[in-house]
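Below are the chains, spelled out letter by letter.
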Amino acid sequence: MNKEILLEVKDLKKYFNVRKGMFSTKSYVKAVDGVSFTINKGETLGLVGESGCGKTTTGRTIIKLYEPTSGKIIYNGEDITGYDYNKMLPFRRKVQMIFQDPYASLDPRMTVGDIIGESIDIHKLAAGKERTEKIQYLLRKVGLNSDHINRYPHEFSGGQRQRIGIARALAVEPECIICDEPISALDVSIQAQVVNMLEDLQRDLGLTYLFIAHDLSMVKHISNRVGVMYLGNLVEITGSNELYSNPLHPYTKALFIFHPNT
Ligand SMILES: Nc1ncnc2c1ncn2[C@@H]1O[C@H](COP(=O)(O)OP(=O)(O)OP(=O)(O)O)[C@@H](O)[C@H]1O
Ligand SMILES: [Mg+2]
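Residues numbered from 1 in each chain as written. Chains lettered and ligands numbered in written order. Predicted model: local features only at pLDDT ≥ 70, side-chain atom pairs only at ≥ 80, totals over all residues. Heavy atoms only, no water.

Novice: Could you give me a rundown of the site of ligand 1, with the residues and numbers involved?
Specialist: Not every one of the 15 residues close to ligand 1 is listed here, only the nearest: Ser 51, Gly 52, Lys 55, Thr 56 and Thr 57. Take Thr 56: an N or O atom from its side chain is 2.8 Å from an oxygen atom of ligand 1. Within the side chain of Glu 181, one N or O atom sits 3.4 Å away from an oxygen atom of ligand 1. Relative to its free-state accessible area of 640 Å², ligand 1 is covered by the protein chains to the extent of 66%. Those elements that provide at least two residues to the shell around ligand 1 are strand 2 (25-40) and helix 1 (55-62). Considering each element in turn, the shell around ligand 1 owes the most residues, three residues, to helix 1. For the shell around ligand 1, the residue count by class is five nonpolar, seven polar and three charged. (Near = heavy atom within 4 Å. Polar contact = N/O pair within 3.5 Å; in protein donor to acceptor, adjacent residues only side chain to side chain. Areas by Shrake-Rupley, 256 points an atom, 1.4 Å probe, with all protein chains shown as cover. Helix = DSSP H or I, 4+ residues; strand = E, 2+ residues; numbered from the N terminus. Nonpolar A, V, L, I, M, F, W, Y, C, P; charged D, E, K, R; others polar.)

Novice: Account for the packing of aromatic side chains, with residues named and values stated.
Specialist: A complete count under the given rule lists four aromatic pairs for this structure. An angle of 5° between the planes, with centres 5.3 Å apart, marks the rings of Tyr 15 and Tyr 28 as stacked. Here Tyr 15, found in strand 1 (residues 5-20), pairs with Tyr 28, found in strand 2; they are 13 residues apart in sequence, far enough to count as distant. For Tyr 28, a relative accessible area of 48% translates into the label partly exposed. Seen in terms of ring centroids, Tyr 230 and Tyr 251 are 4.3 Å apart; in terms of plane orientation they differ by 25°. Their pairing is stacked. Of this pair, Tyr 230 sits in strand 9 (residues 225-230) while Tyr 251 is found in helix 9 (residues 250-258), placing the two residues 21 residues apart along the sequence. For Tyr 230, a relative accessible area of 32% translates into the label partly exposed. Classification of Tyr 251 as buried rests on a relative accessible area of 10%. (Phe/Tyr/Trp six-rings, centres within 6.5 Å; stacked < 30°, edge-to-face > 60°. Buried < 20%, exposed > 50% of the residue type's maximum accessible area, 1.4 Å probe, protein only.)

Novice: Hey, could you go over the coordination of the magnesium ion (ligand 2) for me, with residue numbers and the actual values?
Specialist: Here the magnesium ion (ligand 2) is held by the protein donor atoms Thr 56 (OG1) and Gln 100 (OE1), which lie 1.9 to 2.5 Å from it. Taken together, the residues Thr 56 in helix 1 and Gln 100 in the loop between strand 6 (95-98) and helix 3 (112-122) connect sequence positions 44 residues apart. (Donors = N, O, S within 2.8 Å, 3.2 Å for Na, K, Ca; no water.)

Novice: If you had to explain the pattern of salt bridges to someone new, which residues and values would you point to?
Specialist: Considering all chains together, one arrives at twelve salt bridges under this definition. As a salt-bridge pair, Lys 64 and Glu 67 come within 3.5 Å of each other at their nearest N and O atoms. Judged by relative accessible area, which is 7%, Lys 64 ranks as buried. What makes Glu 67 partly exposed here is its relative accessible area of 46%. With a closest N to O distance of 2.7 Å, Glu 173 and Lys 134 form a salt bridge. (Salt bridge = Lys/Arg side-chain N within 4 Å of Asp/Glu carboxyl O.)

Novice: Go over unusual backbone geometry with me, naming the residues and quoting the values.
Specialist: At Asn 76, a residue that is not glycine, the phi angle is positive and equals roughly 50°. When you line up the elements, Asn 76 lands in the loop between strand 4 (70-75) and strand 5 (78-79). On the basis of relative accessibility, which here comes to 39%, the residue Asn 76 falls in the partly exposed class. For Lys 124, which is not a glycine, the phi torsion comes out positive at approximately 50°. Counting through the fold element by element, Lys 124 comes out in the loop between helix 3 and helix 4 (128-141). For Lys 124, a relative accessible area of 73% gives the class exposed.

If you want it as C-alpha cells, here you go:
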C-alpha cells in the first residue's frame with residue numbers, strides 16, 4: 001500500500017459551550033480532547049468507541065462543520081485549520097462526509113436529483129444535460145435506478161437513502177470520505193450490501209476512508225488500522241488484526257468483553 005499521508009490530525013480539540021441551570025454559569029463539553037492520527041492515501045482507518053465518546057464530532061471538525069477549538073488539520077501537506085469558507089472550497093470537494101442518519105441528512109423537500117446536483121452546482125462541475133447525465137450515472141453507480149432522479153427522499157427505504165447520501169458524496173469526485181456510521185441505521189440484511197459497495201467504490205476510485213462505527217466486526221472487516229476513542233481521546237490505534245488479537249488499553253479490552261462475537 002502507498003504510505004503517503006493524506007490526512008493528518010494533530011492534537012485536535014473541540015469543546016462545546018453549554019449552559020448549566022437557569023441562572024447558568026457557562027460551562028463546556030470536551031467532545032474531542034486532543035486527538036492525533038494520520039490516514040494514508042487509499043487506506044481505511046476505522047474509529048470505534050461507545051456512544052458519546054466524540055466520533056461524529058471528530059469527523060465534523062475535520063471537515064470544519066465545527067470550528068476546531070485547537071489543534072491542526074493537515075490535508076495533503078497543507079494546513080487547512082485556519083481557512084475561511086472560500087479557502088475551504090477546494091478542500092470540501094476533496095473530503096466528503098456520509099452522515100450517520102440517512103433520514104435526517106437528506107432534505108425532504110428536494111428531489112434526489114437536486115440533492116445530488118447541489119454540490120455539482122456549488123463546485124461548477126457540470127450543467128444542463130451533462131449535469132443530469134452525471135446524476136443518473138451516480139445513481140446507477142450506487143445501485144439505484146436512473147429514473148429515481150425526480151423522486152423525493154420519503155419514497156425510498158433506509159438503505160436506498162443511504163445510497164443517495166453516498167451518491168451525493170461521490171458527486172464531487174472526492175479523494176477521501178468520512179463515513180459516519182454509514183450502516184448503523186440500516187437493517188442487518190442491507191448492511192453488508194452497503195459495506196460491499198463502499199469497498200468496491202474504494203477499489204474503483206482509489207478512495208481513502210475514515211470509517212466510524214459501533215460494530216467492531218464490521219470495522220475489522222473494512223479497516224487497515226483501527227483507532228479506539230474514549231471520552232474524547234484516542235486511547236489506542238493499531239493495525240486491525242493486532243487490535244483484535246492483542247488489545248492493550250483497558251477500555252479496548254472492555255469493548256471486546258461487551259462485544260464477544262468479534
Ligand atoms: N452541537 C453540540 N453541542 C453540544 N454538545 C455536543 C454537540 N455535539 C455533540 N455534543 C456532545 O459531545 C459529545 C460527543 O458527541 P458525538 O456525537 O461526537 O459522539 P459519538 O461518539 O459520535 O456518539 P454516537 O456513537 O452516539 O454517534 C457528547 O457528549 C455530545 O453530547
Ligand atoms: Mg456519532
